[in-house]
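Here's the letter readout for the chains.
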Amino acid sequence: MHYLCKRMKRILAFTAMLVLLASSCHRESRKLDSDLPVDTIPMMVMQIQKCSKLYTAEYHLHKIVTHKDQMRLKGTILAQKFDITLPVGNRRIAIPMDATLKAYIDFNGFSEKNIRRRGEKIEVTLPDPKVELTSSRINHQEIKKQLSILRKNFSDEEMTNYEKQGRAAILNEIPNLGIIEMARESAANTLIPMICQLGYKEEDITITFRKKYTSDDFPILLDTKSFGK
């Protein structure tokens, strides 16, 4: 009987040791699993794609288009060309024009190629920004004209051409507006909180464009459909 009791104690002690060992291995396994890096990139891509067409900057511009012309007589006499200003007066016009420019980023083609992860660091390369002319109008009540009594008034065709000149002047000013950097900062303010929710620290997140754009790049960044309105 005494021998059986000793044997039972040994069996119980060995069983308890196996239970403790199994419990320790289970805890260690769970710890190792929690240390494994989670692939958050697909989820990040899906969340960013939901932004679709993200408007990031807006400018309201006021431009005054001016024009001055004189009546001239041109021709050729005896093989000699002549160009004479006729004393019938000048025509002057000043056309106030208001326009709204908006920059946006289209995330429809965004993919994992736009994301680079290095350990805890994450870099998001934005698609190229686009700039569109959302509205433009002439303030007809504030148009200033100066016409000689012998000169005709400006025609509708001429007014349309002057409006096109105003749009072209606005287009030329875009590189000086800082609209691209504003677009990047606005996109960062939208995306960084979203990425932080996936477990990244704000200081480990970089939002950038694929390059530093120059004035030579702006023709390809323009939404030409909007400028053709």
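Residues numbered from 1 in each chain as written. Predicted model: local features only at pLDDT ≥ 70, side-chain atom pairs only at ≥ 80, totals over all residues. Heavy atoms only, no water.

(A) Representation of the overall build of the protein within the structure. Helix and strand counts for the protein stand at six helices and seven strands. Mapped from its N terminus to its C terminus, the protein presents α and β elements in the order α-α-β-β-β-β-β-β-α-α-β-α-α. In the protein, the proportion of contacts linking residues at least 24 apart, taken out of those at least 6 apart, comes to 81%. (Helix = DSSP H or I, 4+ residues; strand = E, 2+ residues; numbered from the N terminus. Contact = heavy atoms within 4.5 Å.)

(B) Expanded view of the sheet that holds strand E4 (residues 121–126). Pairing in this open sheet of three strands is mixed, and the strands run E3-E4-E7 from one edge to the other. Each edge of the open sheet carries a strand with a single partner, namely strand E3 (115–118) and strand E7 (205–209). On average, adjacent strands in this sheet sit at an angle of 15° to one another, irrespective of strand direction. Pairing between E3 and E4: four bridges, direction antiparallel. Each residue of the ladder has a partner; that of Ile115, found in E4, is Val124. Across the sheet, helix H2 (residues 41–49) is in contact with E3 and E4; its angle to E3 comes to roughly 145°. Where helix H4 (residues 179–196) meets the sheet, it contacts E4 and E7, and its direction lies at approximately 145° from that of E7. (Pairing = 2+ DSSP bridges. Axes fitted to C-alpha atoms, helices over the stretch in contact; angles between N-to-C directions.)

(C) Quick peek at the pattern of salt bridges. Under the defined criterion, the tally for this structure stands at nine salt bridges. In this structure, the salt-bridge partner of Arg137 is Asp98, at a minimum N-O distance of 3.7 Å. One end of the pair, Arg137, is in strand E5 (residues 130–138); the other, Asp98, is in strand E2 (residues 80–106), and 39 residues separate them in sequence. (Salt bridge = Lys/Arg side-chain N within 4 Å of Asp/Glu carboxyl O.)

(D) Structural view of the nonpolar core. Within the largest apolar cluster, 41 residues are counted, with the highest numbers of intra-cluster contacts made by Met44, Phe107, Leu126 and Ile207. For this core, the secondary structure elements donating two or more residues are H2, strand E1 (53–77), E2, E4, E5, H4, E7 and helix H5 (218–221). With nine residues, the single largest contributor to this core is H4. Setting aside residues up to four positions removed in sequence, Phe107 forms contacts with Ile48, Gln49, Cys51, Ser52, Leu54, Leu126, Pro127 and Leu191. Ile93, Ile95, Ile143 and Tyr162 belong to the second largest nonpolar core, which has eight residues in total. (Core = buried A, V, L, I, M, F, W, Y, C linked by side-chain atoms within 4.5 Å. Buried < 20%, exposed > 50% of the residue type's maximum accessible area, 1.4 Å probe, protein only.)

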